[in-house]
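A structural walkthrough
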Amino acid sequence: MNKKYKEEVLVLFGRRVAELRLDKKLSLRELAKECDLDNSKINKIEKGKINVQFFTILELAGALKVHPKELFDFKHEWKEEAFM
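Residues numbered from 1 in each chain as written. Predicted model: local features only at pLDDT ≥ 70, side-chain atom pairs only at ≥ 80, totals over all residues. Heavy atoms only, no water.

**Thoughts on helix α1 (residues 3–23)**
Which entries qualify depends on this criterion: Counting from the N terminus, the helices are DSSP H or I runs at least four residues long and the strands are E runs at least two residues long. Expected helix span is given by 1.5 Å per residue-to-residue step, counting one fewer step than there are residues. In what follows, a contact means two residues having at least one pair of non-hydrogen atoms within 4.5 Å. N or O atoms closer than or at 3.5 Å make up a polar contact, with two conditions inside protein: a donor-capable atom paired with an acceptor-capable one, and, for residues adjacent in sequence, both atoms drawn from side chains.
Taking 1.5 Å per residue as the helical rise, α1 with its 21 residues ought to reach 30 Å, and the 30 Å between its terminal C-alpha atoms agrees with that figure. Of the surrounding secondary structure, the elements contacted by the buried residues of α1 are α2 (28–35), α3 (39–46) and α4 (54–64). In this structure Asn2 caps α1, since a side-chain oxygen of it lies 2.8 Å from the backbone nitrogen of Lys4. Following α1 by one or two positions, Lys25 has its phi on the positive side, about 55°.

What follows is the structure, given as C-alpha coordinates:
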(Lines give C-alpha, C1' and ligand atoms only; values in the text may rest on other atoms or scores of the structure.)
Protein backbone atom coordinates (compact mmCIF):
# COMPACT_ATOMS: atom_id res chain seq x y z
CA MET A 1 0.00 0.00 0.00
CA ASN A 2 1.27 3.42 -0.92
CA LYS A 3 2.66 5.49 1.99
CA LYS A 4 0.73 8.67 1.17
CA TYR A 5 -2.57 6.76 1.11
CA LYS A 6 -1.79 5.16 4.49
CA GLU A 7 -1.06 8.56 5.98
CA GLU A 8 -4.32 9.99 4.58
CA VAL A 9 -6.40 7.19 6.07
CA LEU A 10 -4.68 7.46 9.46
CA VAL A 11 -5.42 11.19 9.58
CA LEU A 12 -9.07 10.62 8.65
CA PHE A 13 -9.39 7.87 11.27
CA GLY A 14 -7.81 10.14 13.89
CA ARG A 15 -10.14 13.01 13.05
CA ARG A 16 -13.09 10.64 13.46
CA VAL A 17 -11.86 9.53 16.89
CA ALA A 18 -11.45 13.19 17.91
CA GLU A 19 -14.91 14.04 16.57
CA LEU A 20 -16.53 11.24 18.58
CA ARG A 21 -14.55 12.18 21.69
CA LEU A 22 -15.61 15.81 21.45
CA ASP A 23 -19.24 14.83 20.78
CA LYS A 24 -19.12 12.90 24.06
CA LYS A 25 -17.52 15.95 25.72
CA LEU A 26 -14.51 13.94 26.85
CA SER A 27 -11.01 15.33 27.31
CA LEU A 28 -8.02 13.34 26.12
CA ARG A 29 -7.32 12.38 29.74
CA GLU A 30 -10.89 11.23 30.34
CA LEU A 31 -10.89 9.08 27.21
CA ALA A 32 -7.46 7.70 28.10
CA LYS A 33 -8.73 6.70 31.53
CA GLU A 34 -11.82 5.02 30.04
CA CYS A 35 -9.85 2.89 27.59
CA ASP A 36 -6.69 2.35 29.65
CA LEU A 37 -4.43 4.09 27.14
CA ASP A 38 -1.98 6.90 27.69
CA ASN A 39 -3.43 10.28 26.68
CA SER A 40 -0.32 11.01 24.61
CA LYS A 41 -1.09 7.87 22.55
CA ILE A 42 -4.66 9.03 21.97
CA ASN A 43 -3.31 12.42 20.93
CA LYS A 44 -1.04 10.71 18.37
CA ILE A 45 -3.96 8.60 17.11
CA GLU A 46 -6.11 11.71 16.67
CA LYS A 47 -3.32 13.40 14.71
CA GLY A 48 -2.86 10.36 12.48
CA LYS A 49 0.69 9.82 13.67
CA ILE A 50 0.46 6.14 14.57
CA ASN A 51 -1.09 3.02 13.12
CA VAL A 52 -3.66 1.60 15.51
CA GLN A 53 -3.83 -2.06 16.46
CA PHE A 54 -7.10 -3.96 16.35
CA PHE A 55 -7.50 -4.23 20.11
CA THR A 56 -6.82 -0.50 20.51
CA ILE A 57 -9.72 0.14 18.13
CA LEU A 58 -11.92 -2.04 20.34
CA GLU A 59 -10.74 -0.17 23.45
CA LEU A 60 -11.49 3.21 21.85
CA ALA A 61 -14.92 2.09 20.65
CA GLY A 62 -15.80 0.74 24.08
CA ALA A 63 -14.70 3.90 25.84
CA LEU A 64 -16.62 6.05 23.36
CA LYS A 65 -19.64 3.72 23.66
CA VAL A 66 -19.91 3.21 19.91
CA HIS A 67 -19.69 0.18 17.65
CA PRO A 68 -16.15 -0.15 16.26
CA LYS A 69 -17.48 0.46 12.73
CA GLU A 70 -18.40 4.00 13.84
CA LEU A 71 -14.69 4.79 14.08
CA PHE A 72 -14.42 4.13 10.35
CA ASP A 73 -17.40 6.29 9.39
CA PHE A 74 -15.45 8.91 7.46
CA LYS A 75 -15.39 9.86 3.81
CA HIS A 76 -12.40 8.92 1.76
CA GLU A 77 -11.77 8.07 -1.83
CA TRP A 78 -10.93 4.42 -2.41
CA LYS A 79 -7.76 4.36 -4.49
CA GLU A 80 -7.20 0.98 -6.00
CA GLU A 81 -3.84 2.10 -7.35
CA ALA A 82 -2.66 2.68 -3.78
CA PHE A 83 -2.49 -1.10 -3.41
CA MET A 84 -0.44 -1.79 -6.50
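What follows picks up the thread again.
**A few points about the packing of α1 against α4**
Test applied: Throughout, an axis means a line fitted to C-alpha atoms (over the contacting stretch in the case of helices), and angles, computed between N-to-C directions, take values from 0 to 180 degrees. Oblique is the label for any angle not covered by the other classes, which are roughly parallel (under 35 degrees), roughly antiparallel (over 145) and roughly perpendicular (65 to 115). By definition, turning the near helix anticlockwise from the far helix through less than a right angle yields a left-handed crossing, and turning it clockwise yields a right-handed one. Under the scheme applied here, ten amino acids are nonpolar (Ala, Val, Leu, Ile, Met, Phe, Trp, Tyr, Cys and Pro), four are charged (Asp, Glu, Lys and Arg), and all others, including Gly, are polar.
In the contact formed by α1 and α4, the axes pass within 10 Å of each other and the chain directions differ by 25°. With respect to α4, the axis of α1 lies roughly parallel. Between α1 and α4 lies a crossing of left-handed hand. Residues Phe13, Val17, Leu20 and Arg21 of α1 form the contact with α4, whose own contacting residues are Ile57, Leu60 and Leu64. Partitioned by chemical class, the residues of the contact of α1 with α4 number 6 nonpolar, no polar and 1 charged.

**A closer look at the layout of surface pockets**
Regions of empty space are outlined by a rolling probe, equal in size to a water molecule, passed over the atoms. Counted only if it meets this: As defined here, a cavity is a set of points on a 1 Å grid over the protein atoms alone where a 1.4 Å probe fits but cannot get out. A pocket is an open set with protein on both sides within 12 Å along at least five of seven lines, and residues line them when an atom is within 4 Å of a point. Grid points are joined across faces, edges and corners, and a volume is the space filled by probe spheres set on the points.
Quantified by volume, the largest pocket comes out at close to 220 Å³. In terms of lining, the largest pocket is formed by 12 residues, of which the most central are Met1, Lys6, Val9, Leu10 and Asn51. Per-element accounting of the lining of the largest pocket gives the leading share, 5 residues, to α1. Of the residues belonging to the lining of the largest pocket, the class tally is 10 nonpolar, 1 polar and 1 charged.

**Focus: unusual backbone geometry**
What counts, and what does not: Between buried and exposed lies partly exposed: a residue is buried under 20% and exposed over 50% of the maximum accessible area for its type, with that area taken using a 1.4 Å probe on protein chains only.
Backbone geometry places Lys25, a non-glycine residue, at a positive phi of 55°. Counting through the fold element by element, Lys25 comes out in the loop between α1 and α2. Positive phi, normally seen in glycine, also occurs at Lys65, with a value near 60°. Assignment of secondary structure puts Lys65 in the segment after α4. Given the relative accessible area of 65%, Lys65 is considered exposed.

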